[in-house]
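This is what each chain is made of:
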Amino acid sequence: MAKGGQRGAVTRFAPSPSGFLHLGHAYSALFAQATAGENGRFLLRMENIDPGRCRPEYEAAIREDLEWLGLGWEAGVRRQSDHMDDYARALEILHGTGLLYPCFCTRAAIRAEIERSGAAPHGPDGPVYPGICRELPRAETRDRIAAGEAHGLRLDMARAKAAAGPLVWHDRERGRAEARPELFGDVVLARKDTPTGYHLAVTVDDHLQGITVVTRGEDLLPATHVHRLLQALLGLDTPEYRHHRLLTDDAGQRLAKRHDSLSLRSLRERGLTAREVRAMAGFGEA
Ligand code: GLU
């Protein structure tokens, strides 16, 4: 039984190993750990599905930086690239619902279609996909796949939303939110270069890891609309959410990988202690 008989939250920090961690990541990781609390569990996940951008060197650096910062996570780091079977199984289930379709479009073809039609509704991730492959004749789809043409898989959003009906989730600070996944249009669930996408992998992982409170930056709040829908379609648990503020630089710009001077490595090289860096991120006194 946990201390005091009260069970804490299960949270995770889920960086993509495509660069070094900066102060904003430190904030996010500390926020996740604090949300788990003393009686909770804090997990680490490497979101490394992007073969072009993720590198093992960055994974090693992330672990080292988090350890230096004094963060302790539970044994058994989940590396997404080791779990492609889990995402394939989820795709199979979605296939069974008839809500997925193969998409052969290149970025250039999508851009050209948007320019041609003059209609470009914008979603949280940029222009909404104009549906080029949604109604392709079955025979054409079959032939193109048989010919080895690269394709991803998209969710037919209008039909998926209708199938799932109204959905809500709970954000600890913001309260009850109604899911509006339609803002994204037909999202990609499996990419051409890797057999899953961000939305699917995160939703499946949070379920399989038993995450009870998903904490992440408010830049990812819109993604929760899609994740809530996927939970409904796949019959998965819905965690609670906390979308935290983003740290900014002196000019008010949110921290990003280009802020080399605020990477945890360079702060450490400049002689700052872990305690001072935690304080810079708003956790504790220097
Ligand atoms: N991998 C994402 C990132 O580094 C976070 C994903 C999430 O927390 O849902 O921004």
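In this report, we go over the structure that sits alongside the text. This is a predicted model, so every value here is computed, not measured.

This part covers the sheet that holds strand E10 (residues 188–190). Neighbouring strands of a sheet are bound in pairs by backbone hydrogen bonds; such pairs are parallel or else antiparallel. What the three strands build is an open sheet, ordered E4-E7-E10; its pairing is antiparallel. The outermost strands of the open sheet, each flanked by one partner alone, are strand E4 (100–103) and E10. Adjacent strand axes in the sheet meet at a mean angle of 45°, parallel and antiparallel pairs treated alike. With two bridges joining them, strand E7 (residues 152–155) and E10 adopt antiparallel strand pairing. For Arg 154, the partnering residue across the bridge sits in E10 and is Val 188.

Attention shifts here to the site of the ligand. If you check the shell around the ligand, you find Arg 12, Ala 14, Pro 15, Ser 16, Glu 47, Tyr 198, Val 202, Arg 216 and Leu 220 and nothing else. Residue Arg 12 places a side-chain N or O atom 2.6 Å away from an oxygen atom belonging to the ligand. Burial of the ligand by the protein amounts to 78% of the accessible area it has alone, namely 300 Å². Tallied by class, residues from the shell around the ligand come to five nonpolar, one polar and three charged.

For the rest of this paragraph, the subject is the layout of surface pockets. A volume near 390 Å³ is recorded for the second largest pocket. What lines the second largest pocket is a set of 17 residues, among which Leu 100, Tyr 101, Pro 102, Arg 134 and Arg 138 lie closest to the centre. The element best represented in the lining of the second largest pocket is helix H5 (residues 138–146), accounting for four residues. Residues of the lining of the second largest pocket, tallied by class, amount to eight nonpolar, three polar and six charged.

What counts and what doesn't
- Residues numbered from 1 in each chain as written.
- Predicted model: local features only at pLDDT ≥ 70, side-chain atom pairs only at ≥ 80, totals over all residues.
- Heavy atoms only, no water.
- Pairing = 2+ DSSP bridges.
- Helix = DSSP H or I, 4+ residues; strand = E, 2+ residues; numbered from the N terminus.
- Axes fitted to C-alpha atoms, helices over the stretch in contact; angles between N-to-C directions.
- Near = heavy atom within 4 Å.
- Polar contact = N/O pair within 3.5 Å; in protein donor to acceptor, adjacent residues only side chain to side chain.
- Areas by Shrake-Rupley, 256 points an atom, 1.4 Å probe, with all protein chains shown as cover.
- Nonpolar A, V, L, I, M, F, W, Y, C, P; charged D, E, K, R; others polar.
- 1 Å grid on protein atoms, 1.4 Å probe; cavity = no way out; pocket = protein on both sides within 12 Å on 5 of 7 lines; lining within 4 Å.
- Points joined across faces, edges and corners; volume = space filled by probe spheres on them.

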